[in-house]
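# Fold and contact review
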Amino acid sequence: MNKNSKFFTPLPKPTFKERMEDLKYTILFWKGRSKGMIHTRNIELDDFRYIFFPKGFEKYGYLGTQIWNEDGSYFKALYPLVLALDYEAKPKLCPRWFLRFLHVFGMDKSIVRVRNRRLSNLLSTLTKGIGFIDYKTKWRDYDLRISISAPKHLQDLSNNIEQGFYNRGRQEELVAKILAIDPNASIIWGSIERFEKQLEKLQNKEK
């Protein structure tokens, strides 16, 4: 329209808030989609940092691992398992950045969503379907439950980690109770049953 026309009305300048909102959307490299119950996230600059410049344990993110507190007991217990999964899953000539790329653009950086079926299938093919699904605790904080998708020898490793974590945690719990009753009690590590009997004797003496 002719700017000299009496009908011409200049558009108002965008406010600072509107400019910031526009900037927010310009740094989004890929918009998420919504179809029925399935929602995919927006891919942002941080996703490219994750792909090409991962921080610490993020390098194994393509397996489905989450960022944990690297000083925590769960991280230390699961660390050997993730290394073993990576050793089995990563093709020798395939760089991890490409697997993380497939994890973001194929699986939406998730273990349940699919952003692109072909890329998702390619990741599954390259890694032989090996992945870290989840970990949680059930009855106690030392009752660790690990869920992975992997061959039997890695499942066995996972079971051994669960059992070892439980044994150490249960023994530490019993020892704390024993020392609370008798600070000078003899502590011989290695057997839950022995500690349970030792605690039972101390509790009976108190009655």
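Residues numbered from 1 in each chain as written. Predicted model: local features only at pLDDT ≥ 70, side-chain atom pairs only at ≥ 80, totals over all residues. Heavy atoms only, no water.

## What about the pairing of strand 3 (residues 131–137)?
- Here strand 3 runs beside strand 4 (residues 144–149); their pairing, made up of six bridges, is antiparallel. Bridging from a neighbouring strand, Thr137 pairs with Leu144 of strand 4.
- Connecting strand 3 to the antiparallel partner strand 4 that follows it, the hairpin turn spans six residues. (Pairing = 2+ DSSP bridges. Helix = DSSP H or I, 4+ residues; strand = E, 2+ residues; numbered from the N terminus.)

## Describing the nonpolar core
- Within the largest apolar cluster, 27 residues are counted, with the highest numbers of intra-cluster contacts made by Leu85, Phe132 and Ile146.
- Going through the elements one at a time, helix 3 (73–89), helix 4 (96–107), strand 4 and helix 6 (152–181) are the ones with two or more residues in this core.
- Among the elements that line this core, the one with the most residues is helix 3, at eight residues.
- Residues contacting Ile146, with those up to four places away along its chain left out, are Leu78, Leu81, Phe132, Asp134, Tyr135, Ser158, Ile161 and Glu162.
- Residues Ile178, Ile192, Phe195 and Leu199 belong to the second largest nonpolar core, which totals eight residues. (Core = buried A, V, L, I, M, F, W, Y, C linked by side-chain atoms within 4.5 Å. Buried < 20%, exposed > 50% of the residue type's maximum accessible area, 1.4 Å probe, protein only. Contact = heavy atoms within 4.5 Å.)

## Here we look at the packing of aromatic side chains
- Tallied over the entire structure, the rule returns 14 aromatic pairs.
- Between Phe57 and Tyr79 the ring centres are 5.5 Å apart and the planes differ by 40°, which places this aromatic pair in the tilted class. Residue Phe57 is found in the loop between helix 2 (45–52) and helix 3, and its partner Tyr79 is found in helix 3; the two are separated by 22 residues along the sequence.
- The ring of Tyr50 has Lys109 sitting right over it, with the charged end atom 4.2 Å from the ring centre. (Phe/Tyr/Trp six-rings, centres within 6.5 Å; stacked < 30°, edge-to-face > 60°. Lys NZ or Arg CZ within 6 Å of the ring centre and 35° of its normal.)

## Here we look at helix 7 (residues 192–206)
- Taking 1.5 Å as the rise per residue, helix 7 with 15 residues should run 21 Å; its terminal C-alpha atoms sit 21 Å apart, in good agreement.
- The set of residues buried in helix 7 consists of Ile192, Phe195, Gln198, Leu199 and Leu202. The buried residues of helix 7 occupy an angular sector of 130° when the element is viewed end-on, so they sit on one face.
- The inward-facing, buried residues of helix 7 abut helix 6.
- Sitting at the amino-terminal end of helix 7 is Ser191, which places a side-chain oxygen 3.4 Å from the backbone nitrogen of Glu193. (Expected span 1.5 Å × (residues − 1). Arc of directions from axis to C-beta. Polar contact = N/O pair within 3.5 Å; in protein donor to acceptor, adjacent residues only side chain to side chain.)

## Some thoughts on the packing of helix 2 against helix 4
- At a minimum axis separation of 8 Å, helix 2 and helix 4 run at an interaxial angle of 150°. Of the possible angle classes, the one that applies to helix 2 and helix 4 is roughly antiparallel. Here Asp47, Phe48, Tyr50, Ile51 and Phe52 of helix 2 come into contact with helix 4, specifically with Trp97, Arg100, Phe101, His103, Val104 and Phe105.
- Residues belonging to the contact of helix 2 with helix 4 are distributed by class as follows: eight nonpolar, one polar and two charged. (Axes fitted to C-alpha atoms, helices over the stretch in contact; angles between N-to-C directions. Parallel < 35°, antiparallel > 145°, perpendicular 65-115°, else oblique. Nonpolar A, V, L, I, M, F, W, Y, C, P; charged D, E, K, R; others polar.)

## As for the side chain of Glu58
- Tracing the sequence through the fold places Glu58 in the loop between helix 2 and helix 3.
- On the accessibility criterion, Glu58 (8% relative accessible area) is buried.
- At 2.8 Å, the side chain of Glu58 and the backbone nitrogen of Lys55 are in polar contact.

## With respect to the confidence of the model for the protein chain
- Taken residue by residue, the protein chain gives an average pLDDT of 85. The fraction at 70 or more is 81%.
- Mean pLDDT values for the elements of the protein chain range from 52 in helix 1 (residues 16–26) up to 96 in helix 6.
- When the criterion is pLDDT under 50, residues 1–9 qualifies, and its contacts beyond four places in sequence or with other chains add up to four contacts.
- Counting interchain partners and residues more than four positions distant, the pLDDT-below-50 stretch residues 25–29 has ten contacts. (pLDDT = per-residue confidence, 0-100.)

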